[in-house]
Amino acid sequence: MSPEKRVYLASEQPQTMVAIHSVPGWDLYVVYEGTNPDTGQPIIKAFLNPLVGWIWFGVVFIFFGTVVALVPSLSPATAALRIPARAVPTERR
């Protein structure tokens, strides 16, 4: 892993490049912050984010669930039509 600070000629702005190591259980981010002015030693920060893979799994799961929900059913849709029967007059005796 090699985090670094870059300075681009066009903008003359420093840009921090983060090193990322991903495995199914966690993501490790390593950031180079610069050098300590007192000692001249580099300042490196590391961030461990557990279970990031489950977020991506959830995104894929929701995507495929949406695709399944949008597929029309294979059987044709039928609806029952109910018409009220007319009242038949009864004979009075």
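Above this text you will find the structure in question.
These notes cover the structure that comes with them. (Residues numbered from 1 in each chain as written. Predicted model: local features only at pLDDT ≥ 70, side-chain atom pairs only at ≥ 80, totals over all residues. Heavy atoms only, no water.)

1. Observations regarding the overall build of the protein chain
Right, on to step 1. Within the protein chain one finds one helix and five strands.
Right, on to step 2. When the elements of the protein chain are put in sequence order from the N terminus, they spell out β-β-β-β-β-α.
Right, on to step 3. Since a compact globule built from 93 residues should have a radius of gyration of about 12 Å, the 33 Å found for the protein chain marks it as more spread out than a globular shape.
Right, on to step 4. Dimensions of the protein chain, computed from the C-alpha atoms along their principal axes, are close to 120 × 35 × 25 Å.
Right, on to step 5. Within the span of the protein chain, comprising 93 residues, buried residues form 8% of the whole.
Right, on to step 6. About 8900 Å² of surface is accessible on the protein chain, with carbon and sulfur atoms providing 64% of the total. (Helix = DSSP H or I, 4+ residues; strand = E, 2+ residues; numbered from the N terminus. Rg over C-alpha atoms; globule rule 2.2 N^0.38 Å. Buried < 20%, exposed > 50% of the residue type's maximum accessible area, 1.4 Å probe, protein only. Areas by Shrake-Rupley, 256 points an atom, 1.4 Å probe, with all protein chains shown as cover.)

2. So, the pattern of salt bridges
Pairs can form between side chains of opposite charge whenever their charged atoms are close.
Right, on to step 1. A full pass over the atoms with the stated rule returns one salt bridge.
Right, on to step 2. Among the salt bridges present, the one from Arg 6 reaches Glu 4, with a minimum N-O distance of 3.3 Å.
Right, on to step 3. The exposure class of Arg 6 is partly exposed, given its relative accessible area of 33%.
Right, on to step 4. Judged by relative accessible area, Glu 4 falls into the partly exposed class, the value being 31%. (Salt bridge = Lys/Arg side-chain N within 4 Å of Asp/Glu carboxyl O.)

3. A few points about the packing of aromatic side chains
Right, on to step 1. With the rule as written, the count across this model stands at three aromatic pairs.
Right, on to step 2. Considering the side-chain rings of Trp 54 and Phe 57, the 5.6 Å spacing of their centres and the 85 degrees angle between planes classify their relative orientation as edge-to-face. Of this pair, Trp 54 and Phe 57 both sit in helix H1 (residues 52–70), three residues apart, which is roughly one turn of that helix.
Right, on to step 3. We classify Trp 54 as exposed; its relative accessible area is 56%.
Right, on to step 4. Aromatic rings pair up to connect Trp 54, Phe 57 and Phe 61 into one cluster. (Phe/Tyr/Trp six-rings, centres within 6.5 Å; stacked < 30°, edge-to-face > 60°.)

4. A look at H1
Right, on to step 1. The terminal C-alpha atoms of H1, which comprises 19 residues, lie 28 Å apart, in line with the 27 Å expected from a rise of 1.5 Å per residue.
Right, on to step 2. Of all the 19 residues making up H1, one are buried; the element is thus mostly uncovered. (Expected span 1.5 Å × (residues − 1).)

5. Side note on unusual backbone geometry
Right, on to step 1. The phi dihedral of Glu 12 falls on the positive side, at around 55 degrees, and the residue is not glycine.
Right, on to step 2. Within the secondary structure, Glu 12 sits in the loop between strand E1 (4–7) and strand E2 (14–17).
Right, on to step 3. Look at Leu 51: it is not a glycine, yet its phi comes out positive at around 65 degrees.
Right, on to step 4. Relative to the helices and strands, Leu 51 is located in the loop between strand E5 (42–50) and H1.

6. Thoughts on the sheet that holds strand E3 (residues 19–23)
Right, on to step 1. Strand order across the open sheet formed by three strands is E3-E4-E5, with antiparallel pairing between neighbours. Every other strand in the sheet has two partners, leaving E3 and E5 as the edge strands with one partner each. Here the average twist between neighbouring strands, direction ignored, is 15 degrees. (Pairing = 2+ DSSP bridges. Axes fitted to C-alpha atoms, helices over the stretch in contact; angles between N-to-C directions.)

Don't take any of this as a statement about function, it's just geometry.
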